[in-house]
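# Structural characterization, general
In case you want the letters, here they are:
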Amino acid sequence: MNLLHLRNGRLAAVVLVLGLVVVVLLNAFSPTRSAFSAVVTNSGNTAATAPYFTCTAAVGADTANALFAYRLTEASNASTATDWSGKGANGTYQGSMAATTPSPNACPRDAGSSYVLNGSTSFVSTPRSSANPTTFSEEVWFRTTVAGGMLIGFGSNQVQASGQHDRQVYINTGGQLVFGTYNGTTQVVTSPKAYTDGAWHHVVATMSAGTGMRLYADGVLVASNTAYTAPEPYTGYFRIGYDTVSGWPGQPSNFAFTGSMRYAAVYSTVLSATQVANHAAAGR
């Protein structure tokens, strides 16, 4: 009986050893396994890592050349749009100032609300005048369903309708984006499509003697004019959300923007196509 137990024990040990060898061999020659799997789907069948995760980081990388940078994330009834570019150019919320946190929000990984403009009294004016900027970039995130209103531009008056006004990005009666300057005649570039679908969009307009006029929407160049004509020389203020666009192509009946905004900035340089694309990608 004891001999039988001994033989059975040896047999069990041999079976156990053979089993372990089989497991080792299977792991060695089987396909690699992982505890993590993912599916990436997009129209281009591509995947990449964005250089910036937030709008604060993307815009912040370029604020050395900013005249001002406003997050527009202050609470309702705020009077000051804080400039975080380091230039101390805090803006003033004019008229009614309301804030909300929509879902989705532009720059969703950045904390804070969005600025809601009522289409009549809501806009932001800058505290300091600028003398005839001829090289610049203007930027803002916006969403609206209303065809009309100025998004961002330059005018001779800080708060009233300006007598001289250009370097403006506005929405025309067809819902398209228009970027225009003036020097005796209007010079405009216009987006082929409308942007009044209620979704968030990112717009950048740039101008210089070397590059002419460029208009970007959602990180992509949508219109340009390389035949540079210097804008009208005057001293004025940058304004966000309202100024007159009287006399401009496709002018809307209402010059005040109706909708929401986030992250507005003006730079004293031309943002490159890569910088624009980085800013747009960070806010999606």
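The coordinates are above.
Structural notes, computed from the coordinates. (Residues numbered from 1 in each chain as written. Predicted model: local features only at pLDDT ≥ 70, side-chain atom pairs only at ≥ 80, totals over all residues. Heavy atoms only, no water.)

### Considerations on the overall build of the protein
- Looking only at helices and strands, the protein has 3 helices and 17 strands in total.
- Counting every position in the protein, which comprises 284 residues, the buried fraction comes to 44%.
- Counting contacts in the protein only where the partners sit at least 6 residues apart, residues at least 24 apart contribute 68% of the total.
- Put simply, the protein shows about 13,400 Å² of open surface, and 56% of that area lies on carbon and sulfur atoms. (Helix = DSSP H or I, 4+ residues; strand = E, 2+ residues; numbered from the N terminus. Buried < 20%, exposed > 50% of the residue type's maximum accessible area, 1.4 Å probe, protein only. Contact = heavy atoms within 4.5 Å. Areas by Shrake-Rupley, 256 points an atom, 1.4 Å probe, with all protein chains shown as cover.)

### What to know about the state of the cysteines
- For the structure shown, the criterion picks out 1 disulfide.
- Between the sulfur atoms of Cys 55 and its disulfide mate Cys 107 the distance is 2.0 Å. One disulfide, between Cys 55 and Cys 107, carries an S-S torsion of -80° and so falls in the left-handed class. Linking Cys 55 in helix 2 (residues 55-60) with Cys 107 in the loop between strand 4 (98-100) and strand 5 (114-118), this pair joins segments that are 52 residues apart in sequence. When sorted by exposure, Cys 55 lands in the same class as Cys 107, which is buried. (Disulfide = S-S within 2.5 Å.)

### A word on the side chain of Ser 122
- Assignment of secondary structure puts Ser 122 in the loop between strand 5 and strand 6 (123-125).
- A distance of 2.7 Å separates a polar side-chain atom of Ser 122 from the backbone oxygen of Ser 96.
- Engagement of the side chain of Ser 122 in a polar contact is seen with the side chain of Asn 118, the distance being 3.1 Å.
- If we ignore the near neighbours within four places in the chain, the residues touching Ser 122 are Gln 94, Ser 96, Tyr 115, Val 116, Leu 117, Gly 241 and Tyr 242. (Polar contact = N/O pair within 3.5 Å; in protein donor to acceptor, adjacent residues only side chain to side chain.)

### As for the pattern of salt bridges
- Across all of its chains, the model carries 2 salt bridges by this definition.
- A salt bridge links Asp 166 to Arg 167, with the nearest nitrogen and oxygen atoms 2.6 Å apart.
- For Asp 166, a relative accessible area of 0% gives the class buried.
- Judged by its relative accessible area of 0%, Arg 167 is buried.
- The shortest N-O distance in the salt bridge between Arg 239 and Asp 243 comes to 3.7 Å. Of the two residues, Arg 239 and Asp 243, both sit in the buried class. (Salt bridge = Lys/Arg side-chain N within 4 Å of Asp/Glu carboxyl O.)

### Observations regarding unusual backbone geometry
- For the bond running from Ser 103 to Pro 104, omega is 5°, close enough to zero to count as cis.
- Structurally, Pro 104 is set in the loop between strand 4 and strand 5.
- The backbone of Asn 77 sits at a positive phi, close to 75°, despite the residue not being glycine.
- In this structure, Asn 77 sits in the loop between strand 1 (66-70) and strand 2 (80-81).
- Look at Cys 107: it is not a glycine, yet its phi comes out positive at around 50°.
- Residue Cys 107 is classed as buried on the basis of its relative accessible area, which comes to 0%.

### Some remarks on the packing of aromatic side chains
- All chains considered together, the criterion is met by 10 aromatic pairs.
- Pairing Tyr 93 with Tyr 115 gives two aromatic rings, centres 4.8 Å apart and planes at 70°, and the pair type is edge-to-face. In this pair, Tyr 93 sits in strand 3 (residues 91-94) while Tyr 115 sits in strand 5, placing the two residues 22 residues apart along the sequence.
- Look at Tyr 93 and you get buried, because its relative accessible area is 5%.
- Seen from their ring centres, Phe 142 and Phe 257 are 6.3 Å apart, and the 85° between their planes marks the pair as edge-to-face. Here Phe 142, found in strand 8 (residues 136-143), pairs with Phe 257, found in the loop between strand 16 (235-240) and strand 17 (258-267); they are 115 residues apart in sequence, far enough to count as distant. (Phe/Tyr/Trp six-rings, centres within 6.5 Å; stacked < 30°, edge-to-face > 60°.)

### Digging into the environment of Ser 114
- Tracing the backbone shows Ser 114 in strand 5.
- By relative accessible area, which is 0% here, Ser 114 ends up buried.
- When the C-alpha atoms of Ser 114 and Ala 99 are compared, they prove to be 5.5 Å apart, with 15 residues separating the residues in sequence.
- Not counting chain neighbours up to four residues away, the residues in contact with Ser 114 comprise Leu 72, Ala 98, Ala 99, Thr 100, Pro 102, Asn 105, Trp 200, Met 261 and Arg 262.
- Within the structure, the side chain of Ser 114 is placed 2.6 Å from the side chain of Asn 105, a separation counted as a polar contact.

Interpretation note: all reported values are geometric properties and have no functional meaning in isolation.
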